[in-house]
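Remarks on the overall topology
Here are the chains, one letter per residue:
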Amino acid sequence: MGTMIKSINTEKHQKLLDWLKKGRLNKSLSVRELALIIDEPFQFISKIETAQRKLSIHEYVQYCEALNLDPVEGLKILAQRQ
């Protein structure tokens, strides 16, 4: 097993963020609209999408639920071999 990656600035993480953002855009939601749905400041969404903030697993699931995305699909992105 390799070294655990702790950085959010990886290609896989960026693909996950792109997937989340695409999910938001497919729902025609602005950053502010999604923030209202999950009861967070709009900066929360912005910082997630620009890789300035990490998501806890609980937050990730709530984020996916708000966008009707399957959290497992996002995890598959992270699990892909490069």
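Anything mentioned here points back to the structure above.
What this report covers is the structure whose coordinates are included nearby. All values derive from a computational prediction rather than experimental measurement. (Residues numbered from 1 in each chain as written. Predicted model: local features only at pLDDT ≥ 70, side-chain atom pairs only at ≥ 80, totals over all residues. Heavy atoms only, no water.)

Here we come to helix 3 (residues 42–49). Every buried residue of helix 3 is listed here: Phe44, Ile45, Ile48 and Glu49. The buried residues of helix 3 occupy an angular sector of 125° when the element is viewed end-on, so they sit on one face. In this structure, the buried side of helix 3 is in contact with helix 1 (11–26), helix 2 (31–38) and helix 4 (57–66). In the stretch just after helix 3, Ala51 is the one whose phi turns positive, near 60°. (Buried < 20%, exposed > 50% of the residue type's maximum accessible area, 1.4 Å probe, protein only. Helix = DSSP H or I, 4+ residues; strand = E, 2+ residues; numbered from the N terminus. Arc of directions from axis to C-beta. Contact = heavy atoms within 4.5 Å.)

Backbone phi values are negative for most residues with the exception of glycine, while trans is the configuration of most peptide bonds. You will see that Ser28, though not glycine, has its phi angle at about 55°, which is positive. Here Ser28 shows up in the loop between helix 1 and helix 2. Ser28 sits in the exposed class, given a relative accessible area of 62%. In this structure, Asp39 is a non-glycine residue whose phi angle is positive, near 60°. Inspection of the secondary structure puts Asp39 in the loop between helix 2 and helix 3. Residue Asp39 is classed as exposed on the basis of its relative accessible area of 68%.

With that settled, consider the nonpolar core. Of all hydrophobic cores here, the largest spans 18 residues; its most connected members are Trp19, Leu20, Leu34, Ile45 and Tyr63. Taken together, the elements giving at least two residues each to this core come down to helix 1, helix 2, helix 3 and helix 4. Top contributing element to this core by residue count: helix 1, with 4 residues. Ignoring any residue separated from it by four or fewer positions in sequence, one finds Trp19 in contact with Tyr60, Cys64, Leu69, Asp70, Glu73, Gly74 and Ile77. (Core = buried A, V, L, I, M, F, W, Y, C linked by side-chain atoms within 4.5 Å.)

Attention shifts here to the packing of helix 2 against helix 3. In the contact formed by helix 2 and helix 3, the axes pass within 7 Å of each other and the chain directions differ by 115°. With respect to helix 3, the element helix 2 is oriented roughly perpendicular. Considering only the axes of helix 2 and helix 3, their crossing is right-handed. Within the contact between the two elements, helix 2 uses Val31, Arg32, Leu34, Ala35 and Ile38 and helix 3 uses Phe42, Phe44, Ile45, Ser46 and Glu49. Of the residues contributing to the contact of helix 2 with helix 3, the split by class is 7 nonpolar, 1 polar and 2 charged. (Axes fitted to C-alpha atoms, helices over the stretch in contact; angles between N-to-C directions. Parallel < 35°, antiparallel > 145°, perpendicular 65-115°, else oblique. Left-handed = near helix turned anticlockwise from the far one by under 90°. Nonpolar A, V, L, I, M, F, W, Y, C, P; charged D, E, K, R; others polar.)

It is worth spelling out a nonpolar patch on the surface at this point. The grouping of Ile57, Leu75 and Leu78 at the surface amounts to a nonpolar patch, some 260 Å² of accessible area in total. Note on placement: Leu75 falls in helix 5 (residues 71–79). Taking the relative accessible area as the measure of exposure, Leu75 reaches 40% and is therefore partly exposed. (Patch = residues over 30% accessible without salt bridge, like charges linked within 9 Å, V, L, I, M, F, W, Y side chains within 5 Å. Areas by Shrake-Rupley, 256 points an atom, 1.4 Å probe, with all protein chains shown as cover. Salt bridge = Lys/Arg side-chain N within 4 Å of Asp/Glu carboxyl O.)

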